[in-house]
Amino acid sequence: MMKDSIFIYSPLYQSYKFHQMHPFTQLRVEVTLDLLKSLDAIQEEEIVYPRVASDQELLLIHDQKYIEAVKLAGEGKLRQEEALGYGLGTEDTPIFPNMHEASALLVGGTLTAVDYVMTGKTKHALNLGGGLHHGFRGKASGFCIYNDSAVAIKYIQEKYGARVLYVDTDAHHGDGVQWAFYDDPNVCTLSIHETGRYLFPGTGNISERGQGKGYGFSFNIPLDAFTEDDSWLNAYRQSLEEIAEFFQPDVIITQNGADAHYFDPLTHLCATIKIYQEIPKLAHEIAHKYTNGRWIAVGGGGYDIWRVVPRAWALIWLEMKNIQVSGSLPKEWVDRWQKKATVPLIPKWEDPSPLYPPIPRKQEIEEKNLNTLNKVLHFIRENKPKRNRTNANESY
C-alpha cells in the first residue's frame, strides 16, 4: 500500500557523534520526531528504518582510499598526519569510534528515501539525519564525512536516469554537492546561504555557474549578513520558481539546514521561524507542479537544537502531510525536553515578537540582496531558450 510520505529514522543515528561538546548532534532528529509523535502527526508505519550504504554506493562519489581511511580512523588505526590529509581529526570533524558505519547509515537513510520515492512507494520522503553537504570526494569537511545528498543524486542518475534539482537552504553554502556535479547538465543546484565573506566555507559566489556542459546549471544566492525574513523569502521564492521552470526536473531534493535563524550560534542571519514555515510549502508546490510529487528532503545544519531545529524540521513533515499548526506546542513535549535543554524552550510554533532589536543596515542589506537575486534571474531568463531539456531523459 502506497504511503504519501515516509520518515526515515533509526536510533542508531545517534552513533554519528563527534564528542559531547561538538555543535553537531543527531539528538536534533530524536527531539523532532518526539515532537511529531506528541502531536499525533506521525504513525509508526510511516517511520522507515534506513539501510546502510554499501561501499559500492559510496564509491559513486567518494574515493576508495578515502573510504578506507575513514574505516581505519574509526578503528583507531589511522596515523594523525594521514588523517589530517583526509580532513579527519580536525576541530570540525574529530575522529570517533565506528565513524564509517555511522556515516554509511546516514547515507543509506537518504538512499532508502530515494528508492521509496523513485519506485512510487511514496510521494515524499524525509531523512533528517542526512544533509551532510560539505563532504568531498576524498576529504571530510564541516562536520560531514560522507556526502549523502551527492551519493543519492548520482544513485538516482545511474539507477533511475532522472534529472535532479537540488535546493539547499542551509546558511552555509552547499559546496560539496555543487562541486560534485559542476559539469553535469542533468543536475541543477541552487544554494541560498550567507555570503562566504563572513562564513564557512567561503564559497558560493554568484559567479559559480558550472563549467563545460554543466555551465548554467549551478545557482548561488549569497545573502548579506543580518538578512531578515522578507528579504530571505523573496530570494527563495523567486529563484526557486524560475529555476524549476527553467530546469524541468524529474525529482527534487531539498537540504533543510535550520541555521539561518537569529538564534543560531554559528551564523549571522536574522531569519525567524517564518522562513521555515514557507520553505517546505514552496518545495511541496514545486514537486507537485514539475515532478509528479517526487520530493526527497534531508536535514543539514542547525545548532540551536532546542529552540529552533525541532520546530523548523517538524514543519517539513507537517507540510508533507498537509497538517496545519499554530499556537502552543504540546505541553508534555515542552515539559519533557525542558529538563534537558540548556535554554528556555519556546512554547509556541511562532517566535516571540520582536525577536531581536532593529537591524541598523536593513535597507542596505535588502537592496544588496535584491541586486544579487536580480543578477541570477537575469542569467536564467537570458539562457532559458537554450535550456529546453536538451539533455533530459525524456522517457523517465
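We now turn to the structure provided with this report. From a predicted model like this one, the values you see are computed outputs, not experimental measurements. (Residues numbered from 1 in each chain as written. Predicted model: local features only at pLDDT ≥ 70, side-chain atom pairs only at ≥ 80, totals over all residues. Heavy atoms only, no water.)

### Looking at the overall build of the chain
Okay, so step 1: Summing up its helical and strand segments, the chain has 12 helices and 8 strands in all.
Okay, so step 2: Overall, the C-alpha framework of the chain stretches about 55 × 50 × 50 Å when taken along its three principal axes.
Okay, so step 3: Of all 396 residues assigned to the chain, the portion counted as buried reaches 61%.
Okay, so step 4: Counted over contacts in the chain with a minimum sequence separation of 6, partners at least 24 positions apart contribute 80%.
Okay, so step 5: When the accessible surface of the chain is totalled, it reaches about 15700 Å², and 50% of it is carbon and sulfur.
Okay, so step 6: Here the chain contributes 41 positively and 50 negatively charged side chains, and the mean placements of these two sets differ by 2 Å. (Helix = DSSP H or I, 4+ residues; strand = E, 2+ residues; numbered from the N terminus. Buried < 20%, exposed > 50% of the residue type's maximum accessible area, 1.4 Å probe, protein only. Contact = heavy atoms within 4.5 Å. Areas by Shrake-Rupley, 256 points an atom, 1.4 Å probe, with all protein chains shown as cover. Lys, Arg positive; Asp, Glu negative; His and termini not counted. Charge placed at Lys NZ, Arg CZ, Asp CG, Glu CD.)

### Things to note about the packing of helix α8 (residues 229–247) against helix α9 (residues 273–290)
Okay, so step 1: Across the interface, α8 lies against α9 with an axial gap of 11 Å and an inter-helix angle of 10°. One finds that α8 runs roughly parallel with respect to α9. Taken together, the residues of α9 that come into contact with α8 (itself represented by Asp 229, Asp 230, Trp 232, Leu 233, Tyr 236, Arg 237, Leu 240, Glu 241, Ala 244 and Glu 245) are Lys 274, Ile 275, Glu 278, Ile 279, Leu 282, Ala 283, Ile 286 and Tyr 290.
Okay, so step 2: Its residues placed into classes, the contact of α8 with α9 shows 11 nonpolar, no polar and 7 charged. (Axes fitted to C-alpha atoms, helices over the stretch in contact; angles between N-to-C directions. Parallel < 35°, antiparallel > 145°, perpendicular 65-115°, else oblique. Nonpolar A, V, L, I, M, F, W, Y, C, P; charged D, E, K, R; others polar.)

### Comments concerning empty space enclosed by the protein
Okay, so step 1: Within the structure shown, the criterion is met by 3 cavities of 30 Å³ or more.
Okay, so step 2: Quantified by volume, the largest cavity comes out at close to 50 Å³.
Okay, so step 3: Lining the largest cavity, in full, are Thr 169, Asn 256, Gly 257, Tyr 276, Ile 279, Pro 280, Ala 312, Trp 313 and Ile 316.
Okay, so step 4: Among the elements of the structure, α9 and α10 (309–320) are those that each provide at least two residues to the lining of the largest cavity.
Okay, so step 5: Taken together, the residues that form the lining of the largest cavity break down as 6 nonpolar, 3 polar and no charged. (1 Å grid on protein atoms, 1.4 Å probe; cavity = no way out; pocket = protein on both sides within 12 Å on 5 of 7 lines; lining within 4 Å. Points joined across faces, edges and corners; volume = space filled by probe spheres on them.)

Keep in mind these values describe shape, not function.
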